[in-house]
Amino acid sequence: MSRLSSLKQRFTPSRINVYFSILCFFSPPVLGSLVSFVFNGGGLASVLLIASGRRRFNTDRAMMALTVAIYAYCAANLMASVANGSIVRDARHLIPFVTFLFFPTSYSTWSITGKTTLVRIVVLSSMAACFGALLLAVIQQYWLGMRAEGGAGNAIVFAEVLCLAVMVCMTAAVSGIEDRYRMALVCAAIGGTVAAIYSGTRIVWLALLIAGITVLLINQQRVRGSSLLRLFLLTASIAAVIAFSGFHIISGRLDFLRADWIALGKQGDYDTSLGMRVALWDIGLKAFREMPLFGHGVGATQFLIKQGFRDQFGMDAGFNHFHNGFLTALVQAGALGAATLAAIFVVAGRNATLTLRNSIDPVERFGATMIVIVLITYLTAGMAGILIGHDILDSVLMVFLVSGTYLASGRQAALAEGQTLAPVTR
């Protein structure tokens, strides 16, 4: 009986949320697709809890606005399949959109956690993720002789989710929201950046730079005066570590880009990394012009790409996206799909901007910064790679939008009648 009581104490709603949150922020770069199982499993559990009356549906204004945008995007893709008469063919490709549909129910369950507790979980889990990713990257780079891909199984996805963990650590260190662990956070950010360099993903290197500058601008009030010298020394140290550990990788990847550019421009050679992307963009634009309003449906992409390479370039190549997130949306769901996809980022950005403009609360500003860094990372990487449509990226996008929106603009939700929130000890 005492053991059962102890078990119940260990698995209170608060503690379950803590374990869930730790996995969501630690696992993407280290354990890969586990984050998809965790987030989608938690989303399904949230639906059941709300349906049974054990959770209350949270109707925060910022969350509802973002829900409308997300659901409009899902509806646009469903409409595209209906308009093309391909709902049966596209059925398996529509299933992943369930991840997006879980947004409001996941928010309702996640928002029973105290904001201060959630911030600490986000920061410390991201710090651990950076150290874990560095260990995996070193093993893969020097022992296995491969581009680092962490636990994601894909170098681009690994670098993208790792960029978010690095920026969370940087934000926490610069903003002072976790002063006790400032040096550890700095070391984690450096380690995560090195691991991202080992991935060889050039577009994410650009995302790291843009997001890093943005974080400094958001927190510029804290890096003035005497802090400015410390920041300069810290930046110089980071640059030295990165240059020492990753110079040969950076220079090698830039040389490849230069060679690809010359091959494409002077020889018309599309059989390179850059050439393939240019070919994909050409194929995608042609496909969009054929079906501009509703697109071809989410299940037509691979066929269109394979046929386009064969007919337009005389090549036998296949991909499942057009290496540009908005172009992929244009082809799959037409102008309506691209517009609703853009609306998700616009609404999320507006929510973050309003908080950063009007709030001085460090927790709210941290949440808004989480939204900003996920938007920058996804939009930058998505211009030449995957924006959404990968299980890890889709789940991580929802994780950051749910937790960031709650921290920036939400209110802590109460449990249903008869339930209590047991305190979480630190």
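Please read these numbers as outputs of a predicted model, since none were measured by experiment. (Residues numbered from 1 in each chain as written. Predicted model: local features only at pLDDT ≥ 70, side-chain atom pairs only at ≥ 80, totals over all residues. Heavy atoms only, no water.)

### Points about the pattern of salt bridges
In this structure the tally under the stated criterion is five salt bridges. Residue D60 pairs with R411 through a salt bridge whose shortest N-O separation is 3.0 Å. One end of the pair, D60, is in the loop between α3 (34–51) and α4 (61–83); the other, R411, is in the segment after α17 (391–409), and 351 residues separate them in sequence. Accessibility expressed as a relative area gives 5% for D60, which makes it buried. On the accessibility criterion, R411 (45% relative accessible area) is partly exposed. (Salt bridge = Lys/Arg side-chain N within 4 Å of Asp/Glu carboxyl O. Helix = DSSP H or I, 4+ residues; strand = E, 2+ residues; numbered from the N terminus. Buried < 20%, exposed > 50% of the residue type's maximum accessible area, 1.4 Å probe, protein only.)

### Some points on the packing of aromatic side chains
Taken as a whole and assessed by the stated rule, the structure comprises 10 aromatic pairs. Measuring from ring centre to ring centre gives 6.2 Å for Y73 and F100, while their planes differ by 85 degrees; the resulting arrangement is edge-to-face. With a gap of 27 residues between them, Y73 in helix α4 and F100 in helix α6 (residues 98–101) connect regions that are remote in the sequence. By relative accessible area, Y73 is classed as buried at 4%. On the basis of relative accessibility, which here comes to 3%, the residue F100 falls in the buried class. Among the aromatic residues, ring-to-ring pairing joins F20, F25, W110 and F400 into one connected group. (Phe/Tyr/Trp six-rings, centres within 6.5 Å; stacked < 30°, edge-to-face > 60°.)

### Description of the packing of α4 against helix α15 (residues 325–358)
Contact geometry for α4 and α15: axes closest at 8 Å, N-to-C directions at 170 degrees. For the element pair α4 / α15, the angle class is roughly antiparallel. When α4 is examined against α15, the residues A62, A65, L66, A69, I70, A72, Y73, A76, N77, M79 and A80 are found in contact with a partner set consisting of Q332, A333, L336, G337, T340, L341, A343, I344, V347, A348 and N351. Residues of the contact of α4 with α15, tallied by class, amount to 17 nonpolar, five polar and no charged. (Axes fitted to C-alpha atoms, helices over the stretch in contact; angles between N-to-C directions. Parallel < 35°, antiparallel > 145°, perpendicular 65-115°, else oblique. Contact = heavy atoms within 4.5 Å. Nonpolar A, V, L, I, M, F, W, Y, C, P; charged D, E, K, R; others polar.)

### Concerning helix α2 (residues 13–31)
Considering bend angle alone, the principal kink of α2 is centred on F25 and spans about 35 degrees; proline P28 follows within four residues of it. Listed as buried for α2 are P13, S14, N17, V18, F20, S21, C24, F25, S27, P28, P29 and V30. Buried residues along α2 sit in contact with α3, α7 (103–110), α8 (115–143), α9 (155–175), α16 (362–382) and α17. Positioned one or two residues after α2, G32 has a phi angle of 60 degrees, which is positive. (Bend = angle between axes of the 7 residues up to and from the residue.)

### With respect to the packing of α9 against α16
Between α9 and α16, whose axes approach to 10 Å, the crossing angle comes to 150 degrees. Between α9 and α16, the angle falls in the class roughly antiparallel. Of the two possible hands of crossing, α9 and α16 adopt the one that is right-handed. Across the interface between the two elements, E160, C163, L164, M167, V168, T171 and A172 from α9 touch F366, T369, I373, V374, T377, Y378 and A381 from α16. The residue inventory of the contact of α9 with α16, partitioned by class, reads 10 nonpolar, three polar and one charged. (Left-handed = near helix turned anticlockwise from the far one by under 90°.)

### Concerning the state of the cysteines
By the definition in use, this model includes zero disulfides. In this model C163 remains outside any disulfide bridge; the closest cysteine sulfur is found in C130, 9.8 Å from its own. (Disulfide = S-S within 2.5 Å.)

### As for the confidence of the model for the protein
Residue-level pLDDT values for the protein average 86, and 83% of them are 70 or greater. Within the model, pLDDT remains below 50 along residues 420–426, and this stretch shows 15 contacts once partners closer than five positions in the same chain are excluded. (pLDDT = per-residue confidence, 0-100.)

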